[in-house]
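Structural overview for review
Listed here are the chains, written in short residue letters.
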Amino acid sequence: MFYGAITALITPFRNGQLDEGALRNIVRWQIDQGINGLVPVGTTGESPTLSEHEHKRVIEITVQETNKAVPVLAGAGSNNPVEAVNYSEFAYQAGADATLHVAGYYNRPNQTGLYEHFKYVHDNSKLPIVLYNIPPRSVVGLEVNTLARLAELPRVIGVKDATGDLTRPIRERALINKPFNYLSGDDITTVAYNVGGGNGCISVTSNVAPKQVVELQRLCREGKYVEAAQLQDKLFSLHNALFIEPNPAGPKYAMSLLGLCTEECRLPMVPLQDSTKATIRRIMEELDLI
């Protein structure tokens, strides 16, 4: 279901409020640029500081504006499985294609606890599930054997891998005996991840340079890894610049230069330093993005 360049959408704000007009425009622009899928209300969408109403509204608007042009993988994760089920049910009612569920941050469950958390969500929801494995943020991570066990559940269809371990898709494919979505969660390593068996990336950079990220993923699908690596080298400085300061302050500033939204984030995210802004602007100019 999911492949190629899938944008982890920012959530645009204006004067402290969800900017629904900007969100609609961003979704339409992403589709016009050829994106392969969209992820509303993930980490890049500042989901921790959205109200329940805002969280659901972002999913609703994204599904409406996408209008089935590309699949929508709605962020529905929580360290509270009951809340995760609530968001999953809303995503189903709204018309999303699947849900993204993060490992149990702050609670710090063991592997048995992680399995039971995801199984509870699976058994009490309707949409396909992509598991989000990001130990740098959640402290705990899904071990390969646990992921393989979860993949035996019929609606667990993939993983977003932000572990930084490029052996993961190789080791996971050896144990998972069904069609499965192996998605990188890291723009910088996505070519290497795809070489190991991945089939796409849930990308931050594609908020800013969707055409280029789509092209990189197309090259990978066609087995043109040398050309993909050359494009990756070209985009490397942009990947780095967007993460000089905590995400999504960098992408939001870059998108403000494109006229897509304000650079406004919510605390504890803060505005970029002028030096970071200057770096992002310079790199975008070098790449002819502005």
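In the nomenclature of an unreviewed UniProt entry, the protein chain corresponds to 4-hydroxy-tetrahydrodipicolinate synthase from the organism Marinomonas rhizomae. UniProt, in its Pathway (unreviewed entry) section for the protein chain, records the words "Amino-acid biosynthesis; L-lysine biosynthesis via DAP pathway; (S)-tetrahydrodipicolinate from L-aspartate: step 3/4."

Below, the discussion takes up the overall build of the protein chain. The helix and strand tally for the protein chain stands at 12 helices and 10 strands. On C-alpha atoms alone, the protein chain measures out to a radius of gyration of 18 Å, which is about the 19 Å that the 2.2 N^0.38 rule sets for 290 residues. C-alpha atoms of the protein chain, sized along the principal axes, occupy 45 × 45 × 35 Å. Within the span of the protein chain, comprising 290 residues, buried residues form 56% of the whole. In the protein chain, of all internal contacts separated by at least 6 residues, the share reaching a separation of at least 24 is 72%. With 27 positive and 31 negative side-chain charges, the protein chain shows a spacing of 3 Å between the two charge centroids.

The sites that carry the UniProt feature "binding site: pyruvate" (unreviewed entry) are, in the present numbering, T44 and I202. Spanning 159 residues, the annotated positions come together in the fold, the maximum distance between their C-alpha atoms being 10.5 Å. The annotated residues that sit in the lining of the second largest pocket are T44 and I202. Secondary-structure assignment places T44 in the loop between β4 (37-39) and α2 (52-66). If we ignore the near neighbours within four places in the chain, the residues touching T44 are A8, L9, I10, T11, V204, N207, N247 and P248. Counting through the fold element by element, I202 comes out in strand β10 (residues 200-203). Judged by its relative accessible area of 2%, I202 is buried.

As a general feature of sheets, a regular strand has side chains that alternate between the two faces. Side chains of strand β9 (residues 181-184) alternate between two faces, with N181 and L183 and Y182 and S184 buried alike. For the segment spanning strand β8 (residues 156-161), helix α7 (residues 168-173) and β9, crossover handedness is right-handed. Relative to β10, β9 is paired through 2 bridges, and the arrangement is parallel. Its bridge partner lying in β10, L183 is registered against G200. Handedness of the crossover joining β9 and β10 through helix α8 (residues 190-195) is recorded here as right-handed.

When you line up the elements, G223 lands in the loop between α9 (210-221) and α10 (225-242). On the basis of relative accessibility, which here comes to 44%, the residue G223 falls in the partly exposed class. Separated by 117 residues in sequence, G223 and Y106 have C-alpha atoms that sit 40 Å apart.

This part covers the nonpolar core. Residues L238 and I280 are the most contacted members of the largest nonpolar core, which totals 50 residues. Put simply, the parts of the chain that give this core at least two residues each are α1 (20-32), α2, α9, α10, α11 (249-257) and α12 (274-286). Counting residues per element, this core draws most heavily on α10, which supplies 6 residues. Sequence-distant contacts of L238, defined by excluding residues within four places in its chain, comprise T205, A209, I283, M284, L287 and L289.

Taken together, 8 strands build an open sheet; the order of strands is β4-β1-β10-β9-β8-β7-β6-β5 and the sheet is parallel. One side of each edge strand has no neighbouring strand; the edge strands of this open sheet are β4 and β5 (73-75). Each neighbouring strand pair of the sheet contributes to a mean axis angle of 30 degrees, computed without reference to strand direction. Sheet contacts for helix α4 (residues 111-123): β6 (98-102), β7 (129-133) and β8; angle to β6, the most-contacted strand, approximately 160 degrees.

The next thing to look at is the layout of surface pockets. Each pocket or cavity is described by its volume, and for the largest pocket that value is around 650 Å³. In this structure, the largest pocket is lined by 30 residues; those nearest its centre are G42, T43, S47, P48 and Y105. Breaking the lining of the largest pocket down by element, the ones donating at least two residues are α3 (81-94), β6 and α5 (135-138). Top element by residues in the lining of the largest pocket is β6. It accounts for 3 residues.

Here we take up the packing of aromatic side chains. Tallied over the full model, the rule gives 1 aromatic pair. A cation sits over an aromatic face here: R149 above Y115, 3.6 Å from the ring centre.

For the rest of this paragraph, the subject is the packing of α1 against α2. In a packed pair of helices, the relevant descriptors are the angle between the two axes and the axis-to-axis distance. The contact between α1 and α2 brings their axes to 9 Å, and the two run at 40 degrees. The angle between the axes of α1 and α2 places the two elements in the oblique class. For the pair α1 and α2, the sense of crossing is right-handed. Contacts between α1 and α2 pair E20, L23, R24, V27, R28 and I31 from the former with R57, V58, I61, T62, Q64, E65 and T66 from the latter. When its residues are assigned to classes, the contact of α1 with α2 shows 5 nonpolar, 3 polar and 5 charged.

What counts, and at which threshold
- Sequence order as written defines residue numbering, which begins from 1 separately in each chain.
- Only residues with pLDDT of at least 70 are given local features in this predicted model, and only at 80 or more are side-chain atom pairs given and counted; all residues enter the totals for whole chains, interfaces and linings.
- Side-chain metrics rest on all non-hydrogen atoms present in the structure, leaving aside hydrogens and water.
- UniProt positions are given in the numbering used here, feature names are shortened, and annotations may be inferred rather than shown by experiment.
- Only DSSP runs of H or I with at least four residues qualify as helices, and only runs of E with at least two residues qualify as strands; both kinds are numbered from the N terminus onward.
- With the radius of gyration taken over C-alpha atoms, the globule rule is written as 2.2 Å times the number of residues to the power 0.38.
- Burial classes follow relative accessibility: with a 1.4 Å probe on protein chains only, a residue under 20% of its type's maximum area counts as buried, one over 50% as exposed, and anything between as partly exposed.
- Working rule for contacts: check all heavy atoms of both residues, and any pair within 4.5 Å makes them a contact.
- In this tally, Asp and Glu contribute negative charge and Lys and Arg positive charge; neither His nor the terminal groups of the chain are included.
- Taken as the charge centre is NZ of Lys, CZ of Arg, CG of Asp or CD of Glu, depending on the residue.
- A 1.4 Å probe that fits but cannot get out identifies a cavity on a 1 Å grid over protein atoms alone, an open set with protein on both sides within 12 Å along at least five of seven lines counts as a pocket, and a residue lines either if it has an atom within 4 Å of a point.
- A right-handed crossover is one whose linking path, passing over the helix from the first strand to the second, runs clockwise when the strands point away from the viewer.
- Any two strands with at least two DSSP-identified bridges between them are counted as paired.
- To qualify as a nonpolar core, a set must consist of buried Ala, Val, Leu, Ile, Met, Phe, Trp, Tyr and Cys residues joined through side-chain atoms within 4.5 Å.
- All axes are obtained by fitting lines to C-alpha atoms, using only the stretch in contact for helices, and the reported angles, taken between N-to-C directions, cover 0 to 180 degrees.
- Grid points are joined across faces, edges and corners, and a volume is the space filled by probe spheres set on the points.
- Two aromatic rings, drawn from Phe, Tyr or Trp (for Trp, its six-membered ring), form a pair once their centres lie within 6.5 Å of each other, and the interplanar angle then sorts them: stacked below 30 degrees, edge-to-face above 60, tilted otherwise.
- A positively charged side chain is recorded as over a ring if its NZ (Lys) or CZ (Arg) lies within 6 Å of the ring centre. The angle to the ring normal must also be within 35 degrees.
- Roughly parallel means an angle under 35 degrees; roughly antiparallel, over 145; roughly perpendicular, 65 to 115; everything else is oblique.
- By convention, the crossing between two helices is left-handed when the near helix turns anticlockwise from the far helix through less than a right angle, and right-handed when the turn is clockwise.
- Residue type decides the class: Asp, Glu, Lys and Arg count as charged, Ala, Val, Leu, Ile, Met, Phe, Trp, Tyr, Cys and Pro as nonpolar, and the leftover types, Gly among them, as polar.

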